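So you can see what is in the structure, the chains are spelled out below.
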Amino acid sequence: MYNPRGIISLFLKETWRFLKVSIQTILAPVVTSLLYLLVFASVMKEHPAIYSGIEYTEFLIPGLIMMAILQNAFANSSSSLFQSKQNGSITFILLAPLSSYEFFLAYVGSSIVRGLCVGIGVWMVSCFFALLPVNNIFVIFWFAFIGSGVLGALGLIASIWAMKWDHVAAFQNFVILPLSFLSGVFFSIKSLSPFWTKVSFFNPFFYLIDGFRFGFLGVSETFLLLSFVISALFFLLVSCFCIIMLETGYNLRT
Amino acid sequence: MTQAVTISNINKRFGALQALKEINFSIDQNMYFGLIGPNGAGKSTLINIMSGLSHATSGFIEIMGYNVRSNWRKARQSLGVVPQELIYDSFFTVREMLRLQSGYFGYGTENYPWIDELIETLDLTDKTHENLHRLSGGMKRRVLIAQALVHKPEVIVLDEPTAGVDVGLRKVLWHFTQKLHKEGSTILLTTHYLEEAESLCQKIAILDKGHLVALDRTRALLEHYPYKLLNLTYKGHTFDIPGSIKSLIVDAREGKLTLKLHRIKDSIGAVLAAIHSCGIHIVDMQTIEPRLEDVFRDFTENNHV
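Because the structure is predicted, anything quoted here is derived from the model rather than measured.

Analysis parameters
- Residues numbered from 1 in each chain as written.
- Chains lettered and ligands numbered in written order.
- Predicted model: local features only at pLDDT ≥ 70, side-chain atom pairs only at ≥ 80, totals over all residues.
- Helix = DSSP H or I, 4+ residues; strand = E, 2+ residues; numbered from the N terminus.
- Rg over C-alpha atoms; globule rule 2.2 N^0.38 Å.
- Buried ≥ 20, exposed ≤ 12 C-beta atoms within 10 Å, placed from the backbone.
- Contact = placed C-beta atoms within 7 Å.
- Nonpolar A, V, L, I, M, F, W, Y, C, P; charged D, E, K, R; others polar.
- Pairing = 2+ DSSP bridges.
- Axes fitted to C-alpha atoms, helices over the stretch in contact; angles between N-to-C directions.
- Core = buried A, V, L, I, M, F, W, Y, C linked by C-beta atoms within 7 Å.
- pLDDT = per-residue confidence, 0-100.
- Parallel < 35°, antiparallel > 145°, perpendicular 65-115°, else oblique.
- Left-handed = near helix turned anticlockwise from the far one by under 90°.
- Expected span 1.5 Å × (residues − 1).

Details of the overall build of chain A
The helix and strand inventory of chain A stands at 10 helices and zero strands. Put simply, chain A runs from its N terminus to its C terminus through helices and strands in the order α-α-α-α-α-α-α-α-α-α. A compact globule built from 254 residues would reach a C-alpha radius of gyration of about 18 Å, and chain A, at 18 Å, matches this within 12%. Taken over the C-alpha atoms alone, chain A extends approximately 55 × 35 × 35 Å along its principal axes. Here chain A, with 254 residues, has 49% of them falling under the buried criterion. For chain A, long-range pairs separated by at least 24 residues make up 82% of all intrachain contacts whose partners lie at least 6 apart in sequence.

Section: the interface of chain B and chain A
When the parts come together, some accessible area is lost, and that loss is often what is quoted as the size of the interface. If you look at the interface, chain B gives 25 residues, while chain A gives 24 residues. Among the secondary structure elements, those contributing two or more residues to the side of chain B that touches chain A are α1 (43-51), α2 (72-77) and α3 (94-104) of chain B. The dominant element in the side of chain B that touches chain A, judged by the number of residues it contributes, is α3 of chain B, at four residues. Across the side of chain B that touches chain A, the residue classes break down as 10 nonpolar, 11 polar and four charged.

Concerning the pairing of strand β9 (residues 203-208) of chain B
Residue and element names in this part refer to chain B. Across the six residues that make up β9, a large majority, five, are buried. Here strand β3 (residues 32-36) pairs with β9 via four bridges, running parallel. Bridge pairing links L35 to A205 in β9. Taken together, the six bridges between β9 and strand β10 (residues 211-217) define a ladder with antiparallel strand orientation. When the sheet's bridge partners are listed, D208 is paired in β10 with H211.

Here we look at the sheet that holds strand β8 (residues 186-190) of chain B
Residues and elements named next belong to chain B. An order of β6-β7-β8-β3-β9-β10 is seen for the six strands of this open sheet, with the pairing classed as mixed. One side of each edge strand has no neighbouring strand; the edge strands of this open sheet are β6 (79-82) and β10. Ignoring strand direction, the axes of neighbouring strands in this sheet form an average angle of 15 degrees. Along the sheet, α1 makes contact with β3, β6, β7 (155-159), β8 and β9, crossing β7 at roughly 150 degrees. Packing of helix α6 (residues 167-182) onto the sheet brings it into contact with β3, β7 and β8, and relative to β8 it is tilted by some 150 degrees.

What about the nonpolar core?
If you look at the biggest cluster of nonpolar residues, it comprises 146 residues, and the most contacted ones within it are M50, I63, A146 and V157 of chain B. For this core, the element with the highest residue contribution is helix α3 (residues 56-87) of chain A, accounting for 16 residues. Residues in contact with M50 of chain B, not counting those within four places in the same chain, are V5, I61, I63, V68, L79 and V157 of chain B.

With respect to the confidence of the model for chain B
The predicted model of chain B has a mean per-residue pLDDT of 89, with 98% of residues at 70 or higher. Both scores are given for the predicted complex: the pTM is 0.87, the ipTM 0.89.

Overview of the packing of α3 of chain A against helix α6 (residues 137-161) of chain A
Residue and element names in this part refer to chain A. As a packed pair, α3 and α6 sit with axes 7 Å apart at the nearest point and diverge in direction by 30 degrees. One element, α3, and the other, α6, form an angle in the roughly parallel class. Relative to α6, α3 is oriented so that their crossing is right-handed. The residues of α6 that touch α3, namely those facing M66, I69, L70, A73, F74, A75, N76, S77, S78, L81, F82 and K85, are A144, G147, S148, L151, G152, L154, G155, L156, A158, S159 and I160. Here the residues of the contact of α3 with α6 sort into 14 nonpolar, eight polar and one charged.

Some words on helix α1 (residues 4-20) of chain A
For α1 of chain A, with 17 residues, the first-to-last C-alpha span of 24 Å sits near the 24 Å given by 1.5 Å per residue. If you check which residues of α1 of chain A are buried, you get G6, I7, S9, L10, F11, K13, E14, R17 and F18 of chain A. The inward-facing, buried residues of α1 of chain A abut α2 (22-43), α3, α4 (90-94) and α5 (100-126) of chain A together with α3 of chain B.

Given below as structure tokens:
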């Protein structure tokens with residue numbers, strides 16, 4: 001027995017919530033990415049091409065789109081759930097006949113929608129700087145979907161674990177931000193020292209961004225299949241961990 | 001007939017604190033049941049275990065025959081909880097929130113007429129498009145009640161629903177809960193307004209320090225209470241009243257005495273004769289039957305386990 005209408009209602013509530021404040025949740029991250037583009041595209045114009053025939057701006061844009069997707073998917077689930085925990089309105093959801101995985105699906109589903117909305121927004125404004133080729137739309141969608149799913153789940157984990165806003169911010173600033181900045185958004189990881197190149201291969205965000213970039217440019221720093229597999233496994237791992245947290249009621253039910 | 005609520009051997013520990021100890025009782029269907037106790041007695045903990053917000057350390061609870069752990073979907077479907085705190089989601093209007101809440105319980109548009117009925121009954125019609133954070137405390141309380149009833153639960157738990165509510169709204173809320181009860185709902189009420197518990201509840205459980213110290217029909221609790229009060233208005237001085245009578249005095253103001261008499265051990269005639277023999281002239285007298293508050297005080301002040 002399951003509760004599909006319950007999942008849809010919670011998903012709609014979470015999606016509706018961020019759409020009600022779309023200036024903050026969609027427009028602002030698009031503008032932030034636009035600023036990154038303005039600065040990096042002009043400063044790094046003379047940067048030698050990472051892949052032959054591909055300008056630095058073209059290399060940068062898919063990374064920026066994916067970074068915006070990841071950060072906003074995380075922000076969506078983490079801020080919504082933590083706010084509900086803080087003001088007590090999580091009670092309404094905990095009283096409802098919704099299982100842990102139904103709860104998970106609704107929250108992560110909404111994070112994916114927000115991630116995709118922001119991603120499409122950044123892609124649209126990036127057209128003023130460079131018109132990206134589309135090598136494979138399915139690959140683009142897959143990595144955008146998995147990436148926002150992973151970060152949506154991580155947002156849930158952070159907000160379940162957190163006891164105060166400071167904890168959520170710490171998770172974002174000390175885990176999400178370094179992992180996304182050091183994943184090859186702005187540069188090729190092969191341009192790093194051998195040690196940091198090796199370290200970067202242990203960063204799951206690298207595979208998300210590298211695979212996503214392949215979807216546009218048709219080139220990548222590692223095998224596409226490897227990025228597929230590692231992204232899927234990471235999503236599975238994070239999802240299981242999150243569902244176990246929900247199932248045990250950790251920091252939600254006493 | 002299935003019990004509306006069955007609470008069996010419930011224990012709950014928070015670290016070293018034993019919040020609930022071996023709680024056992026059941027609530028018949030269509031009963032207006034009162035759960036009272038001082039702050040920290042364990043009332044909210046018990047309600048949280050019933051609703052799945054908390055897990056018991058041992059024991060089990062069934063709502064309409066459904067175990068809250070093993071058959072939690074049906075148990076939650078059968079239960080509506082009005083929480084004590086004025087909680088709300090500030091992103092939504094009244095109608096949006098009620099429709100979403102109805103959706104969590106698996107209802108769709110077919111439930112909208114019931115939502116409209118709740119809105120009308122709880123006098124929220126003017127506020128349906130208001131954001132929840134703009135509402136007054138009383139209005140927020142009404143919305144909480146509507147949210148608890150949106151899935152038409154058989155058992156309704158009201159956790160101190162009138163805390164911080166003005167007299168007018170309190171009356172409205174009590175009237176509404178009586179209406180629900182008449183329509184067949186089982187109601188579990190916790191309140192600090194004991195007069196209201198006495199007049200509304202058919203059966204009462206008293207919790208104190210995690211123990212169930214009393215459980216009976218409200219009338220039986222009052223009838224079995226072994227004391228009654230005697231109010232006297234007098235003229236004269238009370239210096240010479242014998243010690244045996246002085247020990248019965250619970251309140252003394254100028255010209256007035258209140259004595260707590262044991263129904264069997266203390267004879268009113270003997271007490272009056274003893275007072276009269278001290279030269280005190282009794283102008284008026286009145287016996288007062290115990291109220292729930294007296295019973296409550298007796299149980300919670302004398303049952304230190």
